[in-house]
Amino acid sequence: MEKTPQRREQVAPRFLKGLGWGFLGTAALGLLWVGIAVLLDADSIPGLVAGLYDLIGLEGQAEAIRARGLQENFSRIIIAAFAIIVGVGGVWILFTALNKFVDVLPYRTRKHIRPWMFVAPALGVLGVYLIYPTIQTIRLSFTEDGGFADNYSFVFTDPAMQVAIRNNALWLVIGTTGSVVIGLLFAVLADRVRREAFAKTFVFMPLAISMVGASVIWRFVYAWRPEGQPQIGLQNAIYTSLGNEPVAWLQVPPGNTFFLIVIMIWLQTGFAMVILSAALKGVPSEIIEAGRIDGASEPQLFFRVVLPSIRGAMITVATTIFIAILKVFDIVFVMTGGRFETEVIANRMFNEMFRFRNFGRASALAVVLMIVVIPIMVVNIRNLKRQGVGQ
Amino acid sequence: MSKRWLIAMVTALSLILAACANDAEGGDTTTTAANETTTTADGGETTTTADEGGMETPYEHLNAAYAGEYEGATVNVAAQWVDAEEENILSVLTPFEEATGITINYEGISDYETVLTVRVEGNDAPDIAQTAQPGKMVQFAEEGHLVALDDWFNMAQLEADYIASFRDLASYDGQTYGVFFKGDLKSIVWYPVQGFADAGYAIPETWDDLVALSDQIAADTGTNPWCISIEHGDASGWVATDWLEDILLRTAPAETYDAWVNHEIPFNDAEVLEAADYMAEIWFADDYVYGGSTAINATFVGDTQTPMFDEAGPQCWFHKQAAWIPGFWPEGTEAGVDSSFFYFPPIEAEFGNPVLGSGDMWMMFNDRPEVRALMEYLATPEAAQPWIERGGFVSPNQSVPLDWYGSYPNDVLAEILSNADTFRFDASDTMPATVGQGTFWSGMIDWVSADGGNTEDVFQSIEDSWPAS
């Protein structure tokens with residue numbers, strides 16, 4: 001606590017300085033706010049320019065702009081310039097001011113407050129774009145349409161919804177297992193070939209294709225033409241060449257749901273393979289060596305030594321794919337639109353929201369999806385922490 | 001550091017000011033011109049003044065636009081018309097742009113109804129948008145997104161131009177929110193002209209004739225008499241709902257149809273199930289439909305009729321679809337030459353000649369003078385003329401002279417319309433979206449999947465899905 005007189009003298013100016021920076025920070029926030037308001041209002045840019053003209057005494061031209069607006073491109077350039085100045089400049093001033101403001105606080109508080117100062121804007125944005133919509137969605141699911149009881153009983157008792165829930169379960173089980181198992185298989189096999197990177201590229205490539213793009217490709221694979229016509233679909237071309245009648249693969253449940261899941265596996269296997277391949281390479285050769293010396297067979301080595309060593313990576317991959325599949329929408333939307341008993345929860349949610357405009361039902365579906373995701377997220381985060389990522 | 005920042009700010013500001021100054025000089029002349037026209041409009045009140053070059057119309061803002069008053073302004077228009085149909089709508093919009101100097105940004109959107117809803121919800125609505133669903137207009141009006149016409153539109157003119165049913169459909173709560181632009185007749189059946197001539201088949205005039213001829217074709221040629229399919233992305237199923245509605249208008253009074261649309265009778269009323277039985281007589285009869293039920297569900301609506309133009313002769317002979325379908329025919333085919341159409345025949349004589357139709361209307365989301373002017377233009381017969389001349393277009397505007405429809409097929413369509421005893425709108429467009437674009441469509445798909453074997457279950461489940469309120 002012993003301070004030199006010199007430092008003590010600085011306390012008063014330091015306090016004033018802090019006040020100044022605090023004020024500037026608030027001003028920056030205000031400026032950002034005004035800036036956003038200006039950008040949201042289509043008429044504001046001509047108004048702003050007119051105001052500037054007024055300011056420098058060109059009232060006639062200001063009047064002209066108010067009357068007939070600005071040229072569209074010019075207006076856009078101003079908007080862009082304004083956004084850059086207000087956005088970048090505002091954020092810069094804000095952080096500088098906050099930082100300087102913290103500087104003047106007592107050392108101990110400083111230490112605790114500074115991280116929050118930097119995280120605060122991000123937290124704010126998160127609140128506006130994530131927390132608020134979540135709360136709003138929950139509220140809508142309780143109040144819109146028929147209210148809580150109606151909306152949630154629809155989710156669990158409507159015959160079409162039961163099909164959707166059943167399909168989602170199928171997707172989760174088959175899709176996740178399929179991606180992880182096949183991904184692991186490729187990872188293990190690729191580990192032992194000479195041109196590993198080359199081999200892995202082929203499995204990895206679908207991951208670069210969007211779900212919609214992949215769906216369009218697979219629509220052709222499953223395409224159907226009446227008997228006697230040339231089959232343009234790969235699957236039917238093969239099937240009919242074996243002497244069978246063409247089958248409309250996407251129309252026949254429950255096979256069609258399976259054919260849709262295949263697309264997801266095709267997309268996700270590459271992801272599983274890359275992560276698991278990296279994990280495999282991280283398994284110390286010493287313990288494999290030790291296992292060999294102890295006389296373990298290759299399958300024993302794999303299931304008892306290698307697999308437990310990459311458990312963490314397996315969980316990460318499985319949970320990530322699980323969540324991606326839980327939200328599956330694009331594939332179903334493009335391929336069948338949920339027809340022929342291929343409906344899934346997310347597609348139904350989209351239809352309820354944007355086509356039938358049943359906000360309550362759509363929100364209830366969203367809430368159910370969110371609740372299902374939460375335990376998976378917990379597992380995932382715990383797993384990351386155990387691996388030391390979260391520290 | 002802070003000094004450099006200040007310099008940057010000052011430079012940026014001065015650049016902006018310099019740019020503004022240039023713009024203002026360039027725009028000076030137009031500004032004065034605009035002022036002048038404003039004064040004439042003030043003096044002349046409503047329709048009397050139109051300067052040199054301007055055209056006289058019964059509409060205030062349109063006259064002002066023709067006088068060049070909104071030159072340089074921009075209007076955003078969105079509609080479902082893409083590809084070939086985009087050229088048609090552009091032929092309508094371009095003359096307006098040329099006459100007024102207003103720029104129109106036209107955006108044709110596939111998956112239109114969904115995208116439009118998303119954009120309106122996101123406060124990103126176009127200035128003027130088309131819809132084929134009066135129910136959608138009512139929803140937007142209810143939510144306060146639309147601009148009502150009553151206060152500024154020439155309502156007397158609107159009344160003179162459009163029959164009551166079109167005006168009623170464009171209204172909500174006593175206010176008018178839409179202007180009908182395009183009408184479609186659904187009650188027509190396409191057939192192969194040459195094939196009919198070769199085989200000596202006559203155009204069927206009753207339902208029984210139609211079924212008898214179908215049997216005869218199947219027996220004579222070994223091909224399937226009907227081309228039917230309903231796959232249309234997220235709108236799959238609507239072709240089936242059109243069929244059911246068209247048949248219901250022929251087996252029950254129009255009042256029953258109206259009651260069914262408004263759910264005053266159950267969706268699965270006995271009359272409706274009777275209509276479904278008539279439909280099944282064609283849809284699910286053995287060897288009646290090309291490719292069978294699988295093809296009905298799997299083939300894209302636009303490709304339905306393609307087998308009719310097969311090199312080996314027609315593989316199917318009847319296709320019930322509205323007059324826009326020739327746009328989807330294979331290259332080198334021509335409407336009226338390769339395939340023509342006849343009126344979907346009546347079933348029970350007492351209900352006369354009903355016509356099932358649909359229509360597209362314009363709705364207005366943003367209220368600016370130039371938007372008003374375009375809205376007015378779209379209500380005039382002159383706006384419809386370019387598309388009428390291009391074909392595939394029937395205007396619901398009564399003031400459109402009938403001799404504009406000089407050529408095939410519009411002359412025939414106009415004749416069918418003039419012979420109509422009843423005109424009704426597509427029920428699925430008017431029912432609540434949950435049913436009209438949801439369970440009704442998906443129910444029809446399920447019905448087809450089961451080869452018509454689950455009629456009662458399907459209609460019961462649609463009835464169950466009707467919203468409670």
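What you see as residue numbers is a count from 1 along each chain, following the sequence as written. All chains are assigned letters beginning at A, and all ligands numbers beginning at 1, according to the order in which they are written. Where totals are concerned, whole chains, interfaces and linings use all residues; where local detail is concerned, this predicted model gives features only for residues with pLDDT of at least 70, and gives and counts side-chain atom pairs only at 80 or more.

Trainee: Which residues make up the overall build of chain B, and what values go with them?
Mentor: Where helices and strands are cited, they refer to DSSP runs of H or I of at least four residues and of E of at least two residues respectively, numbered from the N terminus. Counting its regular elements, chain B contains 19 helices and 11 strands. Comment: burial labels come from other C-beta atoms within 10 Å of the residue's own C-beta, placed from the backbone, where a count of 20 or more is buried, 12 or fewer is exposed, and between is partly exposed. Burial statistics for chain B: of 469 residues in total, 45% are counted as buried. Contact between two residues is assigned when their C-beta atoms, built from the backbone, lie within 7 Å. Within chain B, counting contacts between residues at least 6 apart in sequence, those at least 24 apart form 75% of the total.

Trainee: Talk me through the environment of B:Tyr343; I want residue IDs and the actual numbers.
Mentor: Residue and element names in this part refer to chain B. Following the sequence through the fold, Tyr343 ends up in strand β9 (residues 339-343). Sequence separation between Tyr343 and Phe309 is 34 residues, and the spatial gap between their C-alpha atoms is 21 Å. Among residues more than four places away in sequence, those in contact with Tyr343 are Ser187, Ile188 and Ile416.

Trainee: I'd like a rundown of the domain arrangement of chain B, residues and numbers included.
Mentor: Residue and element names in this part refer to chain B. Partitioning chain B into domains gives domain 1 (54-184 + 359-410) and domain 2 (188-358 + 415-465). Contact with domain 1, which involves 17 residues of that partner, is made by 18 residues of domain 2. In this classification, the charged set is Asp, Glu, Lys and Arg, the nonpolar set is Ala, Val, Leu, Ile, Met, Phe, Trp, Tyr, Cys and Pro, and all remaining amino acids, among them Gly, are polar. Class assignment of the residues belonging to the side of domain 1 that touches domain 2 gives a composition of 7 nonpolar, 7 polar and 3 charged. Residue ranges for the domains trace back to a domain assignment, done automatically or taken from a database.

Trainee: An account of the domain arrangement of chain A is requested, with residue identities and associated values reported.
Mentor: All names here are of chain A. Assigned domains of chain A: these are domain 1 (1-103), domain 2 (105-143) and domain 3 (149-386). One C-alpha centre belongs to domain 2, the other to domain 3; they are set 34 Å apart. On the side of domain 3, 7 residues touch domain 2, which itself brings 4 residues to the contact.

Trainee: Got a sec to walk through the pairing of strand β1 (residues 74-79) of chain B? Specific residues and values, please.
Mentor: Side chains on a regular strand alternate between the two faces of the sheet. Residue and element names in this part refer to chain B. Each pair of strands is called paired provided DSSP finds at least two bridges between the two strands. Pairing of β1 with strand β2 (residues 103-108) involves 6 bridges; the strand directions are parallel. Across the sheet, residue Ala78 finds its bridge partner in β2, namely Glu107. Handedness of the β-α-β unit built from β1, helix α3 (residues 84-100) and β2 comes out right-handed. Bridge analysis of β1 against strand β3 (residues 128-131) gives 2 bridges, and the strand direction is parallel. Looking at the pairing, Ala78 lines up with Ala129 of β3. Orient the strands so they point away from the viewer, and a crossover whose first-strand-to-second-strand path over the helix runs clockwise is right-handed.

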